[in-house]
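Spelled out from the first residue to the last, the chains are:
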Amino acid sequence: MQFQKRMIPAREALRRHYGESPTADVDVAGVEMMLYLTSTARLIHDEIYAALEDGMGLTEGKFTMLMVLLDKGSLPVVELSAHMGVTPATASIMLRRMLSQPVPLVTKRASESDARSFLIELTDEGRALLERALPDHYARVTKFASNLSHAEQEELISLLRKLHGDGAEEEGLPAAEPVASPRLSVSAADSAPLLCPDV
């Protein structure tokens, strides 16, 4: 299946918008980088996550929740939302929808340490669905990344971590200034999974 790639403006066209300032080349490189990152993120959604939704009925938000629970085990909503990169309110709305399904993929139980709080965990059905979905999912990811060699993939990961501000201190790099993290909106997390600020 072929997906439509967004056209990226030529660097010469970008430079015309920036004029001939001394920093034009540097500024234009940043804009071009952002455009390619945005286009790549959309390709990942179209080629990777759309297949999960079509084949398994899993939106990006639901898949992210299930994978966090598979990795971390039972979690309170606040911790679950933090691992997902969404607000607790967004996670709570997603959970209400998922818990109301005829065959829930997650369940909640009272915490043994605090009877006033609940823990969220995978059901047997949720775990089984992931076991069916993950082999094809990983195959699609591998195919998508195959344009880069293993060394190039590792280099890209390192650069993206630096851009993201992750692990800068460990590598002796100056830490990035904190920025507001993009989060999945309620509609994005459960219907059309695109990163956007909370509203």
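Treat the numbers as computed from the prediction; the structure is a model and nothing was measured.

Definitions and cut-offs
As a convention, each chain's residues are numbered from 1 in the sequence order in which they are written. Local features in a predicted model are, by the rule used here, given only for residues with pLDDT of at least 70; side-chain atom pairs are given and counted only at 80 or more, and totals for whole chains, interfaces and linings are based on all residues. The side-chain quantities take in all heavy atoms of the structure and omit both hydrogens and water. Helix numbers and strand numbers start at the N terminus; a helix is a DSSP run of H or I with at least 4 residues, a strand a run of E with at least 2. Only protein chains enter the accessibility calculation, which uses a 1.4 Å probe; a residue is then buried when its area is under 20% of its type maximum, exposed when over 50%, and partly exposed in between. Between two residues, a contact is recorded if the distance between any of their heavy atoms is within 4.5 Å. To estimate the expected span of a helix, subtract one from its residue number and multiply by 1.5 Å. Each direction from the helix axis to a C-beta atom contributes to the arc, which is the arc of those directions. The nonpolar core is taken to be a set of buried Ala, Val, Leu, Ile, Met, Phe, Trp, Tyr and Cys residues, with the residues joined through side-chain atoms within 4.5 Å. What goes into a patch is any residue over 30% in relative accessible area without a salt bridge, connected to like charges within 9 Å or, for nonpolar side chains (Val, Leu, Ile, Met, Phe, Trp, Tyr), within 5 Å. Only the protein chains shown count as cover for residues, with accessible areas throughout obtained via the Shrake-Rupley method and a probe of 1.4 Å. A pair is scored as a salt bridge if a Lys or Arg side-chain nitrogen falls within 4 Å of a carboxyl oxygen belonging to Asp or Glu. With axes taken as lines fitted to C-alpha atoms, and helix axes fitted only over the stretch in contact, angles between N-to-C directions fall between 0 and 180 degrees. In these notes the angle categories are as follows: under 35 degrees is roughly parallel, over 145 is roughly antiparallel, 65 to 115 is roughly perpendicular, and the rest is oblique. In this count, Pro and Cys sit with the nonpolar residues alongside Ala, Val, Leu, Ile, Met, Phe, Trp and Tyr, while Asp, Glu, Lys and Arg are called charged and the others, Gly among them, polar. Planes of paired rings set the category: under 30 degrees apart is stacked, over 60 is edge-to-face and the rest tilted, where pairs are Phe, Tyr or Trp rings (Trp by its six-membered ring) whose centres lie within 6.5 Å. A ring is scored as having a charge over it whenever the NZ atom of a lysine or the CZ atom of an arginine sits within 6 Å of its centre and within 35 degrees of its normal. The predictor reports its confidence for every residue as pLDDT, a score running from 0 up to 100.

**Remarks on the overall build of the protein**
A tally of regular secondary structure across the protein gives 8 helices and 4 strands. For the protein, the sequential pattern of α-helices and β-strands runs α-α-α-α-α-β-β-α-α-β-α-β. Each of the 199 residues in the protein was classed as buried or not, and the buried ones make up 27%. Long-range pairs, those at least 24 residues apart, make up 50% of the contacts in the protein with a sequence separation of at least 6.

**Focus on helix α5 (residues 88-99)**
Each full turn of the α-helix corresponds to 3.6 residues, which orients residues three or four apart in the same direction. The first and last C-alpha atoms of α5 sit 16 Å apart over 12 residues, in line with the 16 Å expected at 1.5 Å per residue. Here α5 has its buried residues at Thr90, Ala91, Met94, Leu95 and Met98. Summarising the axial view, the buried residues of α5 lie within an arc of 135°, below the 170-degree limit, and thus occupy one face.

**Regarding helix α3 (residues 60-72)**
With 13 residues, α3 extends 18 Å between its outermost C-alpha atoms, agreeing within 8% with the 18 Å of an ideal straight helix rising 1.5 Å per residue. Listed as buried for α3 are Glu60, Gly61, Lys62, Phe63, Met65, Leu66, Val68 and Leu69. Note on α3: the residue one or two positions beyond its end, Gly73, has a positive phi of about 80°.

**Observations concerning the nonpolar core**
For soluble globular proteins, nonpolar side chains are generally found buried alongside one another. Of all hydrophobic cores here, the largest spans 23 residues; its most connected members are Leu58, Met65, Leu66, Leu69, Leu80, Met84 and Val106. For this core, the secondary structure elements donating two or more residues are α3, α4 (77-84), α5, β2 (118-122) and α6 (124-145). No other element matches α3, which puts 5 residues into this core. Beyond its immediate chain neighbours, meaning those up to four positions away, Met84 contacts Gly61, Thr64, Met65, Val68 and Met94.

**Quick look at a nonpolar patch on the surface**
Residues Met33, Leu37, Leu148, Leu156, Leu160 and Leu163 make up a contiguous nonpolar surface patch of roughly 480 Å² in combined accessible area. Those elements that provide at least two residues to the nonpolar patch are α2 (24-56) and α7 (150-164). At 3 residues, the largest contribution of residues to the nonpolar patch is made by α7. Within the secondary structure layout, Met33 lies in helix α2.

**Structural notes on the pattern of salt bridges**
In total, this model carries 2 salt bridges according to the counting rule given. Where Arg109 meets Glu121, a salt bridge forms, and the shortest distance between an N and an O atom there is 3.0 Å. Here Glu121 lies in strand β2 and Arg109 lies in strand β1 (residues 106-110), a separation of 12 residues in the sequence.

**Quick notes on the packing of α4 against α5**
Running from N to C, α4 and α5 point in directions that differ by 105°, and their axes come no closer than 8 Å. With respect to α5, the axis of α4 lies roughly perpendicular. Judged by residue contacts, Val77, Leu80, Ser81 and Met84 of α4 engage Pro88, Ala91, Ser92, Met94 and Leu95 from α5. Here the residues of the contact of α4 with α5 are counted per class, giving 7 nonpolar, 2 polar and no charged.

**A closer look at the packing of aromatic side chains**
Within the structure shown, the criterion is met by 1 aromatic pair. When the centroid spacing of 6.3 Å and the interplanar angle of 65° are considered together, the rings of Tyr49 and Phe63 count as edge-to-face. Taken together, the positions of Tyr49 in helix α2 and Phe63 in helix α3 put the pair 14 residues apart, joining distant regions of the chain. Lying over the aromatic face of Phe118, Lys108 brings its terminal NZ or CZ to 4.7 Å of the ring centre.

**Thoughts on the confidence of the model for the protein**
Confidence in the prediction of the protein, expressed as mean pLDDT, is 78, and 70% of residues score 70 or more. Low pLDDT, under 50, characterises residues 168-199; the predicted model gives this stretch 54 contacts beyond four residues in sequence or across chains.

**Considerations on the packing of α3 against α5**
Following both chains from N to C, one finds α3 and α5 inclined at 90°, their axes separated by 11 Å at the closest point. As the angle between them shows, α3 and α5 are arranged roughly perpendicular. Residue-level contacts link Gly61, Lys62, Met65 and Leu66 of α3 to Ala91, Met94, Leu95 and Met98 of α5. Partitioned by chemical class, the residues of the contact of α3 with α5 number 6 nonpolar, 1 polar and 1 charged.

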